[in-house]
Amino acid sequence: MRRILVLTHTGRTDALMAAVDTCSRLRLAGLIPVMRRLEMQAVRNTPEGENLDVEVLDEDTSLEAIDLGVVLGGDGSVLRAAELVRNAGVPLLGVNLGHVGFLAESERAALQETVQWIVERRYTVEERMTIDVQVWLDNRRIAHTWALNEAAIEKANRERMIEVVMEVDGRPLSTFGCDGVVMATPTGSTAYAFSAGGPVVWPEVEALVMVPISAHALFAKPLVVAPTSVLAIEILTRTDAGAVLWCDGRRTIELPPGARIEVTRSTKPVRLARVNQTPFSERLVNKFELPIQGWRGPVEPGDRVTATTALPVITPAMQVIEPRHHAPKPEPETLGDKDHRRQL
């Protein structure tokens, strides 16, 4: 029998009610809902969830027996869930109860339909790139972690900038003072990197993004590099200003002057379940409420016809303009004998 892990935001009443609804519908459909003990206790403390019938993760069953994870909350809840299931390879399906919810696949209003899709296995699974993050100090690795969205280096003190060197594939690019640097995946390009002025990268694009934050420099532009590249940031020792590393806003470590942060593509992706095959461009419009009034759309192949008129359509002849130094030099004029003697 299929087991579905239900993960919810315990600090929100609507998330607890959504967990009760989801678990009840899964039971009625013949599936076994599974929850972590702390979340189960939070749900059972509500009048609606007092008699909730679920299995407890790591007590009644293990991650290896889980078929799918349903996350009830915002993007932060999905990031927390990714920490739990990444090594086991369990796909996650997010139901957005937050604000933007870029990692979520459906909304709270469509919860009943979402559960039905889960029961009927009407979803696909895609793999999202993650990054491997290492911190070095005096040739010694002092931290090793990962991120789905980004690794963000930020100044530790509000009143002092940090001095950094940006590096790609072992070669330095620029040195400047800044508030920080974000190194992100395509998934994270719509998160912190987006707020810092970075580009939006489609999830299908395999790339890494580096975005300076409030850099005091003429050349401090966002960079998009190959997924095989090695990104690095070195905290210079010109000042004693410290920095902090945040990975997905969840895992953090203090960075003293002289620290080196290296980011590479990880071999372990995060698996996300998709029930809607909506193009990413449409998701952008919906999530950010972008104005698209006036859009006519592409002309369908069957509707493309050649306009005809009573008069022929005359187009100007195409001209090729050569550079001045390629233009032929004028021939010198030849003078007759009389004209030559006159000029002499």
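Everything discussed here concerns the structure shown above.
Residues numbered from 1 in each chain as written. Predicted model: local features only at pLDDT ≥ 70, side-chain atom pairs only at ≥ 80, totals over all residues. Heavy atoms only, no water.

1. Details of the pattern of salt bridges
Summed over all chains, the structure comprises 21 salt bridges. A salt bridge links Glu39 to Arg36; the shortest N-O distance between them is 2.7 Å. With a closest N to O distance of 2.8 Å, Arg260 and Glu262 form a salt bridge. Via salt bridges that share partners, Glu83, Asp248, Arg250 and Arg251 belong to a single interconnected network. (Salt bridge = Lys/Arg side-chain N within 4 Å of Asp/Glu carboxyl O.)

2. Side note on helix H3 (residues 75–85)
Of the residues making up H3, those classed as buried are Ser77, Val78, Leu79, Ala81, Ala82 and Val85. Among the structural elements, strand S1 (3–8), strand S4 (66–73), strand S5 (92–96), strand S9 (140–147) and strand S20 (270–274) are those in contact with the buried residues of H3. (Buried < 20%, exposed > 50% of the residue type's maximum accessible area, 1.4 Å probe, protein only. Helix = DSSP H or I, 4+ residues; strand = E, 2+ residues; numbered from the N terminus. Contact = heavy atoms within 4.5 Å.)

3. Points about the pairing of strand S14 (residues 208–213)
As a general feature of sheets, a regular strand has side chains that alternate between the two faces. Of all the 6 residues making up S14, 6 are buried; the element is thus mostly covered by neighbouring parts of the structure. Here S14 shows a buried face lined by Leu208, Met210 and Pro212 and a second buried face lined by Val209, Val211 and Ile213. Pairing between strand S13 (residues 180–184) and S14: 5 bridges, direction antiparallel. Paired with Val181 across the two strands is Pro212, which belongs to S14. In this structure, S14 lies alongside strand S15 (residues 223–225), joined through 3 bridges in antiparallel fashion. Residue pairing for S15: Met210 is matched across the bridge by Leu223. (Pairing = 2+ DSSP bridges.)

4. Concerning the sheet that holds strand S19 (residues 260–265)
Spatially, the 6 strands line up as an open sheet ordered S9-S8-S19-S16-S11-S12, and their pairing is antiparallel. The outermost strands of the open sheet, each flanked by one partner alone, are S9 and strand S12 (171–178). Neighbour-to-neighbour, the strand axes of this sheet turn through a mean angle of 20°, independent of strand direction. Pairing of strand S11 (residues 162–168) with strand S16 (residues 231–235) involves 5 bridges; the strand directions are antiparallel. (Axes fitted to C-alpha atoms, helices over the stretch in contact; angles between N-to-C directions.)

5. Remarks on the packing of aromatic side chains
One pass over the full model with this rule turns up 4 aromatic pairs. Ring geometry for Trp202 versus Phe280: centroids 4.9 Å apart, planes at 70°, classification edge-to-face. Taken as a pair, Trp202 in the loop between helix H5 (192–195) and S14 and Phe280 in helix H6 (residues 280–288) lie far apart in primary sequence, 78 residues in all. Directly above the aromatic system of Trp146 lies the positively charged group of Arg86, at a separation of 4.2 Å from the ring centroid. (Phe/Tyr/Trp six-rings, centres within 6.5 Å; stacked < 30°, edge-to-face > 60°. Lys NZ or Arg CZ within 6 Å of the ring centre and 35° of its normal.)

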